Amino acid sequence: MKKLFAVVSVFLLACSLPLSAAAADKQRFSDVPPSKHFADAVNELAARNIIGGYPDGTFKPGNSITRGQAAAIIAKMIGLDTSNVKGKKFNDVSVSYGFYNAIAKMAEEGIIGGYPDGSFKPDEPIKRKNMAAILVKAFDLPRDVNVKNPFKGEVGITNDVLVIYKLGITSGTSPTTFSPNASITRGQASKMLVAAEQVMLKNAVTVEAVDLGWDTIEAIIDDEVNPDVFHAVKVKGRKKGIQDQVQLFPVKEGTGGIVIWGRTAENKWKYQKYYVHVKKEGNELRLTLEKTDESLPTLVSLNTKYKPVQNIALAKTDGENISDNVTIEKNEYNFTYIRIEKPGDYIATVRFSNGDEVRYRVTAFEMDDSFLYGTNSVEIGPPVDPLDPANPEKPLPGQLTTYLPEDLQDADYRIAHVMLTMMGQKVTHYPADYLITDPIKDGPYGEMREIEFYERQFGKYNEMAKQNILYLKWFTKEDSVVGEMLNRWLEGDFSQVTKDYRTLRAMTDDDYGNCADVCLDDFIKARTKRAEEYFLKTVSGAEAVKRFHAEWGTE
């Protein structure tokens, strides 16, 4: 498997980085003493020239902050270039307005919005719920909220309110109220801004849909490979309001895995797997992503029906032995779990404590949308005595069930009758659904569908025609009419199939020569052509089918 390496790092504008503790702790306003819960935030933002005070040396932390002021402050914090805006956005924010550029740019980026009448109301105090919405978009805070709403009964508790509450950016105005429609003071706003910024300073890594050539990100699978190493959340984009980002946060050292699901603009599903590496560098955890298309060993469940298991052997369906005693990973209710290391088709033979044995067909396959192989298992019964069609002791199931060895010995006309059955009854008259749905009603194998038997015995159903031909050959002479015909069939040569059909009819029906007109009709031609193609597919594969089409002019 190829691995593509990609390291994604967080980019932060220098102007928005927090200052040292000493610089932030310095008291800058006479009305913001260190005892105030918002003092550190106010002092830090002032030291970074994000906010300012009044000429008299005060900050007036109890005053409301307006919608225009909030837009200007946040634009500065996140480093928006407000020098070039595309035009007027709101009918009440003129070009001469002091915060026009900041408001217009924030609107362009989808961070703020106005009212249905086209206004922004820049001089109105900003409400707590509106500040929550702006913070979530401006700082790309995680949108997926899995937190019990403690503010039930209040109108205006939005998803954004719960986001900033969950992340600890702010608390409620009481244990059960948030007051979403109350205005925010300058001191409260300062604390919320710094707290929101700090959430994004923990070495988060962002994967955007556009970077992958997608339109949206629909889902993430982050619980398959060491999920305790990192935390991942989906994020809505600022402009479209749809999920087009995933943010990943380091939790502890190690390597985990994540699969991101998305859609293109053409609505096609796409998937990308990443290994998530978390390493400690100094006192910080650093998270990097590594693209991969690998799938990992996977547990598969066998329905052992609560019976104690003594041993499980595992082999490929082609006979290659994997282990005579695979490790039982766990038992859970009526299921026993083993680990499959590679994709493929397997037979698991379970020996129970009472001596019984049951086989299970196990399939493991690559998955684009998961780190783990897709698996399935189905019980296929106890081991079946191997068939030896070249040295039969009992008839094959299905088409040949009623033809006992003693009936076929030295009886070419009976063999011809069987060959006609193969060509006409189940291959051409009745297509594959007949073989799949009809049980074997006679013979030594009981009420078992033919497809089940051949899946158990050979790992694939399309061995049936080949096995039937080999079985019949045991009773024929190489130079006999039917012997020569069977040899050609086994090699995938059906160039004489119409002649073969007529020959077999003549061997089994004394009156056949009197129905020449009927035997040459289109129905018989179509039947024999279908028979030919069926045998070519099951005996000789794709190349023989190509040859058939070329010889019959049906390409």
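Residues numbered from 1 in each chain as written. Predicted model: local features only at pLDDT ≥ 70, side-chain atom pairs only at ≥ 80, totals over all residues. Heavy atoms only, no water.

*Asks:* What is the right way to read the sheet that holds strand β13 (residues 335–340) from this model?
*Replies:* Across the sheet, which stays open at both edges, the three strands sit in the order β9-β13-β12 with antiparallel pairing between neighbours. Only two strands of the sheet have a single neighbouring strand rather than two, namely β9 (298–303) and β12 (328–332). Neighbour-to-neighbour, the strand axes of this sheet turn through a mean angle of 30°, independent of strand direction. Taken together, the six bridges between β9 and β13 define a ladder with antiparallel strand orientation. Within β13, the position partnered with T298 by the bridge is I340. (Pairing = 2+ DSSP bridges. Helix = DSSP H or I, 4+ residues; strand = E, 2+ residues; numbered from the N terminus. Axes fitted to C-alpha atoms, helices over the stretch in contact; angles between N-to-C directions.)

*Asks:* What is the right way to look at the side chain of R128 in this model?
*Replies:* Relative to the elements of secondary structure, R128 occurs in helix α5 (residues 128–138). Salt bridges are absent for the buried R128, whose nearest opposite-charge side chain, E154, sits at 7.8 Å. Once residues within four sequence positions are removed from consideration, R128 is found in contact with T170, S171, G172, T173, F178, S179, P180, A182, S183 and I184. (Buried < 20%, exposed > 50% of the residue type's maximum accessible area, 1.4 Å probe, protein only. Lys, Arg positive; Asp, Glu negative; His and termini not counted. Salt bridge = Lys/Arg side-chain N within 4 Å of Asp/Glu carboxyl O. Contact = heavy atoms within 4.5 Å.)

*Asks:* Help me understand helix α4 (residues 100–108) in this model?
*Replies:* Residues separated by three or four positions in an α-helix point in the same direction, a consequence of the helix having 3.6 residues per turn. Burial analysis of α4 places eight of its nine residues in the buried class, which makes it a mostly covered element. Of the positions making up α4, those classed as buried are Y100, A102, I103, A104, K105, M106, A107 and E108. Close packing links the buried residues of α4 with α3 (67–77) and α5. Positive phi shows up at G110, right after α4, with a value of about 75°.

*Asks:* Can you help me understand the pattern of salt bridges in this one?
*Replies:* Opposite charge on two side chains allows them to pair when their charged atoms are near. Applying the stated criterion across every chain, the model contains 15 salt bridges. With a shortest N-O distance of 2.9 Å, R48 and E197 are connected by a salt bridge. Linking R48 in the loop between α2 (39–47) and α3 with E197 in helix α7 (residues 186–199), this pair joins segments that are 149 residues apart in sequence. Just as R48 is buried, E197 falls in that class too. In this structure, K330 and E332 form a salt bridge, with 3.7 Å as the shortest nitrogen-oxygen distance. The class for K330 is partly exposed, based on a relative accessible area of 35%. Judged by relative accessible area, E332 falls into the partly exposed class, the value being 34%. Here the salt bridges do not stand alone but share partners, grouping E44, R48 and E197 into one network.

*Asks:* Would you mind going over the packing of α5 against helix α6 (residues 159–166) with me for this structure?
*Replies:* Packed helices, taken two at a time, are described by their axes: the angle between them and the distance between them. At a minimum axis distance of 8 Å, the contact between α5 and α6 shows a crossing angle of 75°. The orientation of α5 with respect to α6, classified from their angle, is roughly perpendicular. Contacts between α5 and α6 involve K129, A132, A133 and V136 on the former and, on the latter, D160, V161, V163 and I164. Considered class by class, the residues forming the contact of α5 with α6 number six nonpolar, no polar and two charged. (Parallel < 35°, antiparallel > 145°, perpendicular 65-115°, else oblique. Nonpolar A, V, L, I, M, F, W, Y, C, P; charged D, E, K, R; others polar.)

*Asks:* What exactly am I supposed to notice about the nonpolar core here?
*Replies:* Nonpolar side chains tend to gather and get buried jointly when the protein is soluble and globular. Counting residues in each nonpolar core, the largest one holds 57 residues, and the members touching the most others are I112, M131, L135 and I169. For this core, the element with the most residues is α7, which contributes seven residues. Core analysis: the second largest hydrophobic core is formed by 19 residues, L212, W214, I260 and Y274 among them. (Core = buried A, V, L, I, M, F, W, Y, C linked by side-chain atoms within 4.5 Å.)

*Asks:* How do you make sense of the environment of N43 when you look at a structure like this?
*Replies:* Position of N43 among the secondary structure elements: in helix α2. Residue N43 is classed as buried on the basis of its relative accessible area of 2%. Linking N43 and F29, residues 14 residues apart in sequence, is a C-alpha distance of 8.0 Å. A distance of 3.4 Å separates a polar side-chain atom of N43 from the backbone nitrogen of R28. (Polar contact = N/O pair within 3.5 Å; in protein donor to acceptor, adjacent residues only side chain to side chain.)

*Asks:* Please explain the pairing of strand β7 (residues 269–281) as it appears in this structure.
*Replies:* Each regular strand displays side chains that alternate between the two surfaces of the sheet. Note that strand β6 (residues 254–263) and β7 share 10 bridges and pair antiparallel. Its bridge partner being in β7, T255 is matched across the sheet by H277. The antiparallel pairing of β6 with β7 creates a hairpin that spans five residues between the two strands, and N267 there sits at a positive phi of about 70°. Hairpin connection between β7 and strand β8 (residues 284–292): a loop of two residues separates the two successive antiparallel strands, and G282 in this loop has a positive phi of roughly 70°.

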